[in-house]
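Coordinate inspection notes
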Amino acid sequence: MNQFKKNKFAIFGLVVLGLFIFLAVFANVISPYNPESIVESETQPPSLKHWFGTDEIGRDILSRVFYGSRISLTVGFVAVVIAIIIGIVFGALSGYFGGFLDTVLMRFVDVMLAFPSIFLILTIQIMLSPNIYNVMIVIGLTSWMGVARLVRGEFLTQKERQYVEAAHAIGASNLRIIFRHILPNAIAPIVVAATLGMAGAILTESALSFLGLGVQPPTPSWGNMLMDAQAYMRDAPWIAIFPGLFILLSVLSLYFVGEGLRQVFNPKE
Amino acid sequence: MEKVKTINLNKEFGAVRAVQDVNLIINEGEILGLVGESGSGKSTLGRLILNLLEPTSGEVVFEGKPINKIPLSELRQKMQIIFQDPYSSLNPRMKIFDAIYEPLKIHKKFSKARVAELLDLVRLPQSFISRYPHELSGGERQRVVIARALALNPSFIVCDEPVSSLDVSIQAEILKLLKDLQQKLNLTYLFIAHDLAVVYNFCDRVVVMHDGRLVEENTPELLYKDPQQEYTRKLINAIPKKLYQLLA
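None of these values were measured; they are calculated from a predicted model.

Of the regular secondary structure elements, chain B holds eleven helices and ten strands. A compact globule built from 248 residues should have a C-alpha radius of gyration of about 18 Å, and chain B, at 18 Å, falls within 12% of that. For the C-alpha atoms alone, the extent of chain B along its principal axes is close to 50 × 45 × 35 Å. Split into buried and exposed, the 248 residues of chain B put 42% on the buried side. Considering only contacts within chain B whose residues lie at least 6 apart along the sequence, 70% involve residues at least 24 apart.

Okay, structure coming up:
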C-alpha cells in the first residue's frame, strides 16, 4: 500500500476516478441543467452561465458531460465484469484441467483473437439494435480473451504449488480448489487486467458511439457527444474538447491506477 | 495387524520408473521410516499409498481393502499427509482457523470446538486462529499443518520429510510432538526422510529406497550396525561423524 502511495501517477488516477464516479453518481443533483433539453437558442462558448458552453442545438455541455460519465463508466464497468467472468471460467478450466479441454478452449480463444474485434462489434451492433445494454454485452463478449490467457497462466503456476496438493489430500473438490484456493491467489493480476480492461472498454464505447452504433441520442455519452461535435470543430471547438478531455482523463487515470497496482503486486519490476 | 500393504506397486512418469515393484507392509501402530536420496521415489510411493497418484500397475491395500474400492471421502478421512514445506503447503490467503476448519467443513463435521481442541493438541495458542500463515514461524506453521492433518481423526499419516525444511532446534520439537501424538492417538506413520540420522530414534523399522526399489529393511539399530547394501552404507556415511558416534 505504501508503494502505491509513493506512485504519484497512481494517486492522481485514483483521485480523478473518484471525482468521475462522484460526478456520475450525483449527475442529477449537481448538473445545472437537464442534459437533454435545449436551454439556449444558439451555440455559446464557455461562460459563467455555461462553464463548458452549449452545443450545436443549445444544450448545456457541462450537464451532458456529467450525465455522459454515467453512461461511459457504467458501460466500462459492466463490460469488464462480463469479460472478467468469462475470462476466469475459460482460463480456470483450461489451466486447471489442462489436456484436451485446454487445447479446445485455447484454440477458441485464438479464433476469437483472430477476429478484428472492432469489426465484430460493429457487425453485431448493426444486427442487434444499438442500445446501451447491447453495447455493454458486446464489448464484454469480445474482450475476455486476454483475461482468459492470463488466468490460465496463473492457474498453471498455482496448481503446482503444494497447498493445492494439500487441498486434494483433505478431499477438497475441484470446484473448491479452483474457487477457494487458486483463485484468491491469482486475484492480483486479474485486478490489474480489470483496471486496464475498463480503460479499453470506455474507449471502445466511445468509438462505437462516435460511429453512431453505441449509445443513441439524445442520451448523452462522451462518444456520441464527440460525434455530434465533429461538424463544428472549427467554429465551436469546445463542443468536442470537453467530452474528449473526459475520455482522455478517465482512460489515463485507469491506466495509472492499473500500473500502480501492477507495481504493488510485482515489487520486483 | 497390517495397516497398509502395497502389492507389486509400479509408477512410471513417461520413461522414468519412479516406483518399481514395491511390496511394502506397514503394521498398525508402528512408525515405519522410508529413507532414500532425492529422486529415489519415496515421495511418489507416499502419494501412491494415499491415492493422490494413480499407480501404473499394482495395488495398495488399506485395512484389508484395495484403496480404489474405498470411497474417496472415507479414504481422505482415514489417511492424511504432512508435507515437507509448511511455507508452501498452507494456502497463503487462508487464515489459520479456515485452514484447520476446512477438512471438517468438507466432510460436513461442522465443529468449531474441534478447531480449538486441535490447536491445544499441537500446542499452539488459541489466538492464532485469526492469523495468516506468513505471520507464523516455520515450526508454528508445521504445527498448523499437523493440526489440519489430524482434524478428521485419521489412523494413518504419511509424514513426507516433515522436519527437513525446519531449523535443527525446531526439528526436535516437531519430532517430539509427532511421537507424542502417535502414542496418544494410536497412529500409524509412514515417515519419509532423506537421511538416516532423523529416523534413528524415531522409527520402529526402516526401509531403504534406491532408484524406485526397496533395497533394505531392518530396525534402525541393526541397519546402522550391519548394513547389507552398498547404498545403505553410503547413506550412513553421509551422516556427520560426531552425530553418528552419538547414535551408535
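Quick look at the overall build of chain A now. Secondary structure assignment for chain A yields 13 helices and zero strands. Put simply, chain A runs from its N terminus to its C terminus through helices and strands in the order α-α-α-α-α-α-α-α-α-α-α-α-α. Seen along its three principal axes, the alpha-carbon backbone of chain A occupies a region of about 75 × 45 × 30 Å. Residues counted as buried form 44% of the 269 residues belonging to chain A. Once local pairs closer than 6 in sequence are excluded, the contacts in chain A between residues at least 24 apart make up 69%.

In this section: the nonpolar core. Ranked by size, the top nonpolar core spans 135 residues in total, and within it Leu 190, Phe 191 and Val 199 of chain B carry the most contacts. The greatest single-element share of this core, amounting to 17 residues, is contributed by helix 4 (residues 61-97) of chain A. Other than its neighbours up to four places away in sequence, Leu 190 of chain B contacts Ile 26, Leu 32, Leu 34, Gly 46, Ile 49, Val 158 and Cys 159 of chain B.

All names here are of chain B. Reading across the sheet, the four strands line up as 2-1-4-5 and stay open at both edges, with antiparallel pairing between neighbours. Each edge of the open sheet is held by one strand with a lone partner, namely strand 2 (16-27) and strand 5 (65-66). Sheet topology places strand 4 (residues 57-62) next to strand 5; two bridges connect them, and they run antiparallel. The residue bridging Val 61 from the neighbouring strand is Pro 66, located in strand 5.

Residue and element names in this part refer to chain B. Pairing between strand 1 (residues 2-13) and strand 2: eight bridges, direction antiparallel. Paired with Glu 12 across the bridge in strand 2 is Arg 17. Linking strand 1 back to strand 2 in an antiparallel pair, the connection comprises two residues, with Gly 14 at a positive phi of about 60°.

Another aspect to go through is the interface of chain A and chain B. With 13 residues of chain A at the contact, the number on the chain B side is 19 residues. Of all the elements in the fold, those that place two or more residues in the side of chain A that touches chain B are helix 9 (162-169) and helix 10 (174-185) of chain A. If you tally residues by element for the side of chain A that touches chain B, the top one is helix 9 of chain A, at six residues. Looking at the side of chain A that touches chain B residue by residue, the class counts come to six nonpolar, five polar and two charged.

Further remarks concern helix 11 (residues 187-210) of chain A. Residues and elements named next belong to chain A. For helix 11, which comprises 24 residues, the first-to-last C-alpha distance of 34 Å matches the rise-based estimate of 34 Å (1.5 Å per residue) to within 8%. Along helix 11, 17 of the 24 residues are buried, which leaves the element largely enclosed by surrounding structure. Where helix 11 terminates, the next one or two residues include Gly 212, which has phi positive at roughly 85°.

Looking at chain B, the pLDDT average stands at 89 and 97% of residues meet or exceed 70. Per the prediction output, this complex has pTM 0.82; the corresponding ipTM is 0.86.

Here we take up the packing of helix 2 (residues 8-25) of chain A against helix 4 of chain A. In a pair of packed helices, the angle between the axes and the distance between the axes together describe the arrangement. All names here are of chain A. One can describe the packing of helix 2 onto helix 4 by two numbers: an axis separation of 7 Å at closest approach and a directional angle of 105°. Between helix 2 and helix 4, the angle is such that the two are roughly perpendicular. Across the interface between the two elements, Phe 20, Ile 21, Leu 23 and Ala 24 of helix 2 pack against Phe 66, Ser 69, Arg 70 and Leu 73 of helix 4. For the contact of helix 2 with helix 4, a count of residues per class yields six nonpolar, one polar and one charged.

Our focus in this paragraph is unusual backbone geometry. Residue and element names in this part refer to chain B. Phi is positive for Asn 8, which is not a glycine, with a value near 45°. One non-glycine residue, Glu 161, adopts positive backbone phi at about 45°. With respect to the secondary-structure elements, Glu 161 resides in the loop between strand 7 (156-160) and helix 7 (168-184). Owing to 22 C-beta atoms within 10 Å, Glu 161 belongs among the buried residues under this scheme.

Attention now moves to the sheet that holds strand 8 (residues 188-193) of chain B. Residue and element names in this part refer to chain B. Taken together, the six strands give an open sheet; going across it, the order is 6-7-8-3-9-10, and neighbouring strands pair in mixed fashion. Both edges of this open sheet fall to strand 6 (79-82) and strand 10 (213-218), since each of them pairs with a single strand only. The average angle at which neighbouring strand axes cross in this sheet is 20°, direction not considered. In the sheet, strand 9 (residues 205-210) pairs with strand 10 via five bridges, with the strands oriented antiparallel. When the bridges of strand 10 are listed, Met 209 appears paired with Leu 214. Sheet strands in contact with helix 1 (residues 42-49) are strand 3 (31-35), strand 6, strand 7, strand 8 and strand 9, and its direction is about 155° off that of strand 8.

Reading guide: rules and limits
- Residues numbered from 1 in each chain as written.
- Chains lettered and ligands numbered in written order.
- Predicted model: local features only at pLDDT ≥ 70, side-chain atom pairs only at ≥ 80, totals over all residues.
- Helix = DSSP H or I, 4+ residues; strand = E, 2+ residues; numbered from the N terminus.
- Rg over C-alpha atoms; globule rule 2.2 N^0.38 Å.
- Buried ≥ 20, exposed ≤ 12 C-beta atoms within 10 Å, placed from the backbone.
- Contact = placed C-beta atoms within 7 Å.
- Core = buried A, V, L, I, M, F, W, Y, C linked by C-beta atoms within 7 Å.
- Pairing = 2+ DSSP bridges.
- Nonpolar A, V, L, I, M, F, W, Y, C, P; charged D, E, K, R; others polar.
- Expected span 1.5 Å × (residues − 1).
- pLDDT = per-residue confidence, 0-100.
- Axes fitted to C-alpha atoms, helices over the stretch in contact; angles between N-to-C directions.
- Parallel < 35°, antiparallel > 145°, perpendicular 65-115°, else oblique.

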